[in-house]
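# Overview (structure and organization)
Each chain, written out:
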Amino acid sequence: MKFSELFCPTLREVPSEAETVSHQLLLRAGYIRKAGAGIYSYLPLAQRVLRKIETIVREEMDRAGGQELLMPIIQPRELWEQTGRWDVYGDEMFRLVDRHQRHFALGPTHEEIITSLVDNDVHSYRDLPLLLYQIQNKYRDEIRPRFGLMRGREFIMKDLYSFDIDEEGLDISYRKMYDAYHRIFQRLKLQYRVVEADSGAIGGNESHEFVVLADTGESEIVYCENGDYAANVEKAACVYKDEGNDEAPLEMQKIHTPGMRTIKDLVEFTGQPEQRHVKTLTYYADGELVAAVLRGDRELNEIKLKQVLGCRELYMADDAAVREACGAGFGSLGPVGLNIKVYADLEVAGMRNLTCGANEDDYHFINVNPGRDFVPEDYVDIRNAVEGDLCPVCGKPLQATRGIEVGHIFKLGTKYSEAMNATVLDQKGQAVPLVMGCYGIGISRTMAASIEQNHDENGIIWPMPIAPFQVIIVPVNAKKEDQMSTALALYNQLQEQGVEVLLDDRDERAGVKFKDADLIGIPVRITVGPKALQENQVEVKKRWENEIQHVAIDQVVDAILEIIHQG
Ligand code: ATP
Ligand code: MG
């Protein structure tokens, strides 16, 4: 490809809306353009990278026994009603109505479609296992689309679904995908961690997330240095170790706290650290008002709370409703004498002489002691894990880091097949529900994640396996006949060897061309300049190194092939 013909509209300025490196560079280097919030066009360079990522994913899916198909994006409401997800999916689902007033979803995921497909056409255990996948756009009306391709509303996903006759079969399919995912992310040259996305102590099905390590990532993970545990903070089980708090309980007192609503206000007012306070949050759990109590510096985890309560619907109560039921508004609530059910986080049990709202506006209690002054329904794990929490496996303090979830594998079991009555006949001729797994990779998010890990102040540094072009040839002066003819000859020779080459034939200053080559991130640059040419040489530079090598022209092709081979 000649640069002069390439559609690659680069930008000088860093676009102001872009907060993350990948978003900035994808815009600046002419890879993507925004059509609407979370909706992008992929320009030719991006499309080349996406195709390469897809090829690696396809190869590994096929190697693991997957078969590619393509399912519709437009999905009838009736299918989603069978699983109850037409309602449960909520506002994240894009919905549309056709001219006959029939309702459809723009597929956010494909469990419903594929379960009905397999149910209709697969009848016997003999036809299992079945691993079916597709690579396709997904639609999710994300509440906060952001960071460019990281959290789009239209994005590309690979989704594979496994169908087995029993749990043992599912274990095998799951293992195949687990291994295939490792191969994929290794081939993509990403630094990543696999974390348990299982709810751990609270039970649930096995699930793992593949998380690319990056400070800008939206996932926060905790892991044990021993390597025996790693989990998303939202999913990590928090273990509480009773270290025997021997602080003497003091007498509970009510204090006047005019206008103090937040923990921060109270910390300033009382001079007591956040860890001495508890906060009381109120929720409607399937319509019943309940309170969740946790240490002032902790974050409540709604997923855990929902599981603990075993409710279907959980949403925060509003101030007016709380005031009517409890006699005080948010910020003045506390577990002492509260007239609704109280669930306290595990570690609250070990707190002494704590401060909390007095269920009376502008009053708080100090020196409250759990067990003596209030007894919750139960002490439960309802908070997000943090650095320093104890490893649930070995008890060592956990480390925390941030990352980008690029892949997610999940044992679904019979959740969907039972809801949709999707059965096959087993060895005994009995109809049994299909045992399923689902396995996703965010293809477009992976492209962005790779940039987060591979860049410098000048631009992108693509790893060889997914670079849009492997080599760029830059004649210093495109008007000089000898430079251009050498560049062209190399261009042809490399192409004959199957190398993907970009020839910068533009009549631009060398500096501009070098800057663009760096910005778009081509791994190897060959510079054809007057000085080296006198000695029948060209310059070869790897994007990730500073040194420039001088290579004899008749050896360049071999040298390049060697670099590509090394990957
Ligand atoms: P997240 O927690 O980031 O919202 P998710 O759990 O909703 O992700 P899955 O439903 O498991 O994601 O989807 C599989 C993969 O699709 C994810 O691992 C991620 O790589 C990708 N993905 C999910 N949502 C988006 C999005 N809005 N934009 C780009 N990629 C996405
Ligand atoms: Mg999501």
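This is a predicted model, so every value here is computed, not measured.

Judged by pairing direction, the sheet is mixed, and its five strands sit side by side in the order β16-β14-β15-β17-β20 without closing on themselves. Edge strands, defined here as strands with exactly one partner in the open sheet, are β16 (314–316) and β20 (378–380). On average, each strand axis in the sheet is inclined to that of its neighbour by 35°, with strand direction left out of account. The pairing of strand β17 (residues 341–345) with β20 spans three bridges and is classified as parallel. In the sheet register, Ala-344 faces β20, and the bridge partner there is Tyr-379.

On to the packing of aromatic side chains, then. We describe a pair of aromatic rings using the distance from one ring centre to the other and the angle between the two ring planes. Summed over all chains, the structure comprises ten aromatic pairs. An aromatic cluster of at least three residues, connected via ring pairs, comprises Tyr-178, Tyr-181, Phe-185, Tyr-192 and Phe-210. Here Arg-193 stacks its cationic end above the ring of Tyr-223, 3.9 Å away from the centre of that ring. The ring centre of Tyr-174 lies 5.1 Å from the NZ or CZ of Lys-411, which sits over that ring.

Our next topic: the site of ligand 1. Around ligand 1 sit 14 residues, and of these Arg-140, Glu-142, Arg-151, Gly-152 and Glu-405 come closest. Between an oxygen atom of ligand 1 and a side-chain N or O atom of Arg-445, the distance comes to 3.0 Å. Protein chains shield 80% of the accessible area of ligand 1, which is 580 Å² for the free molecule. Elements that contribute at least two residues to the shell around ligand 1 include exactly β8 (154–164) and β21 (399–413). Of the residues forming the shell around ligand 1, the biggest block, four residues, is contributed by β21. Class assignment of the residues belonging to the shell around ligand 1 gives a composition of five nonpolar, four polar and five charged.

Another aspect to go through is the domain arrangement of the chain. When its domains are assigned, the chain resolves into domain 1 (12–237 + 400–452), domain 2 (253–380) and domain 3 (469–566). Each of domain 1 and domain 2 has a C-alpha centre, and these two points are 37 Å apart.

Strand order across the open sheet formed by five strands is β28-β27-β29-β30-β31, with mixed pairing between neighbours. One side of each edge strand has no neighbouring strand; the edge strands of this open sheet are β28 (501–503) and β31 (548–552). Here the strands of the sheet are splayed against their neighbours by 25° on average, with no regard to which way each runs. When strand β30 (residues 537–542) meets β31, the two strands line up antiparallel, connected through five bridges. Counted as the bridge partner of Val-538 is Val-551 from β31.

Bringing empty space enclosed by the protein into the picture now. Within the structure shown, the criterion is met by one cavity of 30 Å³ or more. The computed volume of the largest cavity comes to approximately 40 Å³. Taken together, Ile-472, Ala-517, Asp-518, Ile-522, Arg-525, Lys-541, Lys-542 and Arg-543 form the lining of the largest cavity. Among the elements of the structure, α13 (510–520) and β30 are those that each provide at least two residues to the lining of the largest cavity.

Here we come to the packing of helix α2 (residues 44–63) against helix α11 (residues 443–453). Closest axis-to-axis distance for the α2/α11 pair is 10 Å, and the angle between their directions is 110°. Here α11 runs roughly perpendicular to α2, going by the angle between their axes. Crossing hand, α2 versus α11: right-handed. Residues Ala-46, Val-49, Leu-50, Ile-53, Glu-54 and Val-57 of α2 touch α11, and the partners they reach there are Ile-443, Ser-444, Thr-446 and Met-447. Taken together, the residues that form the contact of α2 with α11 break down as seven nonpolar, two polar and one charged.

With that settled, consider the nonpolar core. With 66 residues, the main nonpolar core has Tyr-31 and Phe-185 as its most contacted residues. In this structure, Tyr-31 is in contact with Leu-26, Ser-41, Tyr-42, Leu-43, Leu-45, Ala-46, Val-49, Ile-460, Trp-462, Pro-468 and Ile-520, ignoring residues within four places of it in sequence. One finds Ala-105, Val-122, Val-424 and Leu-434 within the second-largest nonpolar core, a separate group that totals 26 residues.

Reading guide: rules and limits
Residues numbered from 1 in each chain as written. Chains lettered and ligands numbered in written order. Predicted model: local features only at pLDDT ≥ 70, side-chain atom pairs only at ≥ 80, totals over all residues. Heavy atoms only, no water. Pairing = 2+ DSSP bridges. Helix = DSSP H or I, 4+ residues; strand = E, 2+ residues; numbered from the N terminus. Axes fitted to C-alpha atoms, helices over the stretch in contact; angles between N-to-C directions. Phe/Tyr/Trp six-rings, centres within 6.5 Å; stacked < 30°, edge-to-face > 60°. Lys NZ or Arg CZ within 6 Å of the ring centre and 35° of its normal. Near = heavy atom within 4 Å. Polar contact = N/O pair within 3.5 Å; in protein donor to acceptor, adjacent residues only side chain to side chain. Areas by Shrake-Rupley, 256 points an atom, 1.4 Å probe, with all protein chains shown as cover. Nonpolar A, V, L, I, M, F, W, Y, C, P; charged D, E, K, R; others polar. Domains from an automatic or database assignment. 1 Å grid on protein atoms, 1.4 Å probe; cavity = no way out; pocket = protein on both sides within 12 Å on 5 of 7 lines; lining within 4 Å. Points joined across faces, edges and corners; volume = space filled by probe spheres on them. Parallel < 35°, antiparallel > 145°, perpendicular 65-115°, else oblique. Left-handed = near helix turned anticlockwise from the far one by under 90°. Contact = heavy atoms within 4.5 Å. Core = buried A, V, L, I, M, F, W, Y, C linked by side-chain atoms within 4.5 Å. Buried < 20%, exposed > 50% of the residue type's maximum accessible area, 1.4 Å probe, protein only.

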